[in-house]
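Coordinate analysis (summary)
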Amino acid sequence: MTDVAAAVAAAMWAEDTASVSLGMRLVRVGDGTAVLEMPVRDDMVNGHGIAHGGFVFTLADSAFAFACNSRNQVTVAQGAEIVFVAPAQRGDLLTAEAHERASYGRNGIYDVTVRRGDDLIAEFRGRSRQLPGTVLKESNDGA
């Protein structure tokens, strides 16, 4: 974990009430990478008794956000898509691992794999766009 990526993640996590309220946990972050976990709670299952796809997408999207902001450039999603491979069940602990695949100009492509242990649950691809500004505000000492 780089110092900048860790500092950015801490600043973002402090304001990320959505991820926190869903029980997510930031496992690690590095340049262009992030790993988050989320338990599938009772209030996250749909009418079929499996994890609602929106919650799986949200976990992947949160990992994507931490990965694409890890270099301290404000970055948002331009678009994203997900392929559901297998259902997640109530009580499962899901892990989303995000990796930068390409960076060009102010754009990026990130892949996020969501797993339950060794089982593949979903594959997510996000497209990012850098905006002006940094996540960490400069201090008087230039940090």
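Residues numbered from 1 in each chain as written. Predicted model: local features only at pLDDT ≥ 70, side-chain atom pairs only at ≥ 80, totals over all residues. Heavy atoms only, no water.

This brings us to the pairing of strand 4 (residues 93–104). Look at any regular strand and the pattern is simple: side chains alternate between the two faces of the sheet. Both strand 2 (residues 33–39) and strand 4 contribute to a ladder of 7 bridges, which runs antiparallel. From the neighbouring strand, Pro-39 faces strand 4, where its bridge partner is Leu-93. Adjacent in sequence and paired antiparallel, strand 4 and strand 5 (residues 107–116) are bridged by 2 residues, among which Gly-105 carries a positive phi angle near 60°. (Pairing = 2+ DSSP bridges. Helix = DSSP H or I, 4+ residues; strand = E, 2+ residues; numbered from the N terminus.)

Across all of its chains, the model carries 9 salt bridges by this definition. A salt bridge links Arg-28 to Glu-97, with the nearest nitrogen and oxygen atoms 3.9 Å apart. Remark: Glu-97 occurs in strand 4 and Arg-28 occurs in strand 1 (residues 25–30); sequence separation between them is 69 residues. Ionic pairing is found between Asp-111 and Arg-125, a salt bridge with its closest N-O pair at 2.6 Å. Highlighted residues: Asp-111 in strand 5 and Arg-125 in strand 6 (residues 119–130), separated in sequence by 14 residues. Given the relative accessible area of 36%, Arg-125 is considered partly exposed. (Salt bridge = Lys/Arg side-chain N within 4 Å of Asp/Glu carboxyl O. Buried < 20%, exposed > 50% of the residue type's maximum accessible area, 1.4 Å probe, protein only.)

Turning next to the packing of aromatic side chains. In this structure the tally under the stated criterion is 4 aromatic pairs. Note on Phe-57 and Phe-124: the rings are 5.2 Å apart at their centroids and 65° apart in plane angle, and the pair reads as edge-to-face. Linking Phe-57 in helix 3 (residues 53–68) with Phe-124 in strand 6, this pair joins segments that are 67 residues apart in sequence. A relative accessible area of 27% means that Phe-57 is categorised as partly exposed. Ring plane angle 55° and centroid distance 5.7 Å describe the contact between Phe-64 and Phe-124, whose orientation is recorded as tilted. One end of the pair, Phe-64, is in helix 3; the other, Phe-124, is in strand 6, with 60 residues separating them in the sequence. (Phe/Tyr/Trp six-rings, centres within 6.5 Å; stacked < 30°, edge-to-face > 60°.)

Ordered in space as 1-2-4-5-6-3, the 6 strands form an open sheet in which the pairing is antiparallel. Each having just a single partner strand, strand 1 and strand 3 (75–84) make up the two edges of the open sheet. Ignoring which end each strand starts from, the neighbouring axes of this sheet average 20° apart. Here helix 1 (residues 3–15) sits on the sheet in contact with strand 1 and strand 2, set at roughly 150° to strand 1. (Axes fitted to C-alpha atoms, helices over the stretch in contact; angles between N-to-C directions. Contact = heavy atoms within 4.5 Å.)

Bringing the nonpolar core into the picture now. Among the nonpolar cores identified, the biggest contains 34 residues, and Val-56, Leu-59, Leu-94, Val-112 and Val-114 are the most heavily contacted of them. Listing elements by their share of this core, those giving two or more residues are helix 1, strand 2, helix 3, strand 4, strand 5 and strand 6. In terms of residues, this core owes the most to one element, helix 3, which gives 8 residues. If we ignore the near neighbours within four places in the chain, the residues touching Leu-94 are Leu-36, Glu-37, Met-38, Val-40, Val-56, Leu-59, Ala-88, Val-114, Arg-115, Arg-116 and Ile-121. (Core = buried A, V, L, I, M, F, W, Y, C linked by side-chain atoms within 4.5 Å.)

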